[in-house]
Structure formats: structure tokens, C-alpha cells
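Here is what each chain is made of, one letter per residue.
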Amino acid sequence: MQDFQTQTDEILAAGDLLYVPAGVAHWGTAVGDDCITVSIGFRAAAHREIVQAALENIADTLPAHWRYTDSPAAIDTDSFCINDAAIDKLLALWDSLPRHTIRAALTDALGELATEPRQHERITPESTLSEKQLQKNCRRKMVCR
């Protein structure tokens with residue numbers, strides 16, 4: 001952003017967290033030698049992506065042996081035509097899905113997309129800690145507070 005205009009300044013104390021809503025431009029600066037600024041962004045998925053992921057989640061709940069079969073009314077005299085009866089049969093399948101299945105699929109899709117890393121190459125740590133090292137570091141940091 002070439003012409004960034006500051007609208008507000010906030011100075012936080014140790015351990016504070018500031019929520020900045022999606023779509024709001026922001027710039028964080030660490031003030032002092034013993035602090036850091038970290039910006040954690042959650043991805044705002046497009047409705048198209050959410051619906052696509054939800055449909056995939058719903059498809060995963062359907063038995064693999066379910067297959068589309070024509071009804072006599074779905075067979076059109078024009079072999080190049082998909083008539084209303086064929087689509088009505090598919091809509092009946094959609095209408096038979098329990099609301100909780102659709103809700104769970106949408107919930108999972110939104111959660112998956114919102115937490116998907118934007119830059120996959122940046123999520124691999126340079127080194128890892130053993131569980132014992134992690135516990136030791138956590139205990140040491142708790143004593144310092």
C-alpha cells in the first residue's frame with residue numbers, strides 16, 4: 001500500500017492481543033527490545049470455495065455404491081437432452097440430505113479454508129523440539145512471568 005494512512009495507534013502491554021478484522025489494513029511495530037509483533041491472518045475464503053469444499057465433504061458422506069439411474073420419465077426422446085425429470089431425481093437426492101449433514105459439511109469447509117496456510121513453504125520449522133524440550137521451555141517461560 002503506497003499511501004497508507006494511519007487512523008489509530010494502539011500500544012499493548014506484555015501478553016496483550018489486538019484483533020484486527022479482515023480487510024482492515026494494519027502495521028505492527030514492536031516497541032522495545034523484549035517484545036515482538038506477530039500478525040496471524042485467517043484466510044477469508046470465497047463463497048465459491050466454501051460451497052465447493054462443502055459439496056466435496058457431503059460427497060464423502062454418501063455411500064460409494066449409490067449410482068444415478070434413469071426413471072422412465074427421465075429418458076427423453078432426444079438423446080442429447082437432459083430433461084426435468086432427470087434433474088428432479090437428483091434434486092430429490094439433495095432434498096433427502098439431513099440438514100445436520102449439510103451444516104457439518106459447511107462448518108468443516110469453512111474451518112479448513114480459514115486455517116489453510118497461505119504460504120506452505122513458511123510453515124515448516126527449521127528445527128523441532130522433543131516433547132521433553134517443549135515442556136522444559138514452557139516451564140521456564142511460566143517462571144519468567
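Since the model is a prediction, treat every value here as computed from it, not as a measurement. (Residues numbered from 1 in each chain as written. Predicted model: local features only at pLDDT ≥ 70, side-chain atom pairs only at ≥ 80, totals over all residues. Heavy atoms only, no water.)

Peer 1: Whenever I open this one, the overall build of the protein confuses me. Can you help?
Peer 2: Counting its secondary structure elements, the protein contains four helices and zero strands. If you list the helices and strands of the protein from N to C, you get α-α-α-α. Among the 145 residues that make up the protein, the fraction classed as buried is 10%. Across the protein, every contact between residues at least 6 apart in sequence was considered, and the portion connecting residues at least 24 apart equals 54%. Within the structure as shown, the protein displays about 13500 Å² of accessible surface, and the carbon and sulfur contribution to it stands at 56%. (Helix = DSSP H or I, 4+ residues; strand = E, 2+ residues; numbered from the N terminus. Buried < 20%, exposed > 50% of the residue type's maximum accessible area, 1.4 Å probe, protein only. Contact = heavy atoms within 4.5 Å. Areas by Shrake-Rupley, 256 points an atom, 1.4 Å probe, with all protein chains shown as cover.)

Peer 1: How should the packing of aromatic side chains be read in this particular structure?
Peer 2: Taken as a whole, this structure holds zero aromatic pairs when the rule is applied. When the ring centre of Tyr-68 is taken as origin, the NZ or CZ atom of Lys-89, which lies over that ring, is 5.7 Å away. (Phe/Tyr/Trp six-rings, centres within 6.5 Å; stacked < 30°, edge-to-face > 60°. Lys NZ or Arg CZ within 6 Å of the ring centre and 35° of its normal.)

Peer 1: Is there a simple way to think about a nonpolar patch on the surface in this case?
Peer 2: A cluster of nonpolar side chains, contributed by Val-51, Leu-55, Tyr-68, Ile-82, Ile-87, Leu-90, Leu-91 and Trp-94, occupies part of the molecular surface with about 750 Å² of accessible area. Sort the elements by how many residues they give to the nonpolar patch and helix α2 (residues 84–96) lands first, with four residues. Along the chain, Trp-94 turns up in helix α2. (Patch = residues over 30% accessible without salt bridge, like charges linked within 9 Å, V, L, I, M, F, W, Y side chains within 5 Å. Salt bridge = Lys/Arg side-chain N within 4 Å of Asp/Glu carboxyl O.)

Peer 1: I would appreciate a short explanation of the nonpolar core in the present structure.
Peer 2: In terms of nonpolar packing, the biggest core is built from nine residues, these being Ala-45, Ile-50, Ala-53, Ala-54, Ile-58, Leu-97, Ala-105, Ala-109 and Leu-113. If you list the elements that add at least two residues to this core, you get α1 (47–61) and α3 (99–114). No other element matches the four residues that α1 contributes to this core. Not counting chain neighbours up to four residues away, the residues in contact with Ala-45 comprise Ile-50 and Leu-113. (Core = buried A, V, L, I, M, F, W, Y, C linked by side-chain atoms within 4.5 Å.)

Peer 1: Would you mind going over the side chain of Asn-83 with me for this structure?
Peer 2: Considering the arrangement of structural elements, one finds Asn-83 in the loop between α1 and α2. Residue Asn-83 is classed as buried on the basis of its relative accessible area, which comes to 12%. The residues contacting Asn-83, other than those within four sequence positions of it, are Ala-73, Ala-74, Ile-75 and Asp-76.

Peer 1: Please clarify how α1 should be interpreted in this entry.
Peer 2: Each full turn of the α-helix corresponds to 3.6 residues, which orients residues three or four apart in the same direction. In this model α1 runs 21 Å from its N-terminal to its C-terminal C-alpha over 15 residues, within 8% of the 21 Å that 1.5 Å per residue would give. Every buried residue of α1 is listed here: Ile-50, Ala-53, Ala-54, Asn-57 and Ile-58. The buried residues of α1 occupy an angular sector of 140° when the element is viewed end-on, so they sit on one face. Buried residues in α1 make contact with α2 and α3. (Expected span 1.5 Å × (residues − 1). Arc of directions from axis to C-beta.)

Peer 1: I keep staring at the environment of Ser-39 and nothing clicks. Help me out?
Peer 2: Counting through the fold element by element, Ser-39 comes out in the segment before α1. Judged by its relative accessible area of 57%, Ser-39 falls in the exposed class. For the pair formed by Ser-39 and His-26, sequence separation is 13 residues and the distance between their alpha carbons is 9.4 Å.

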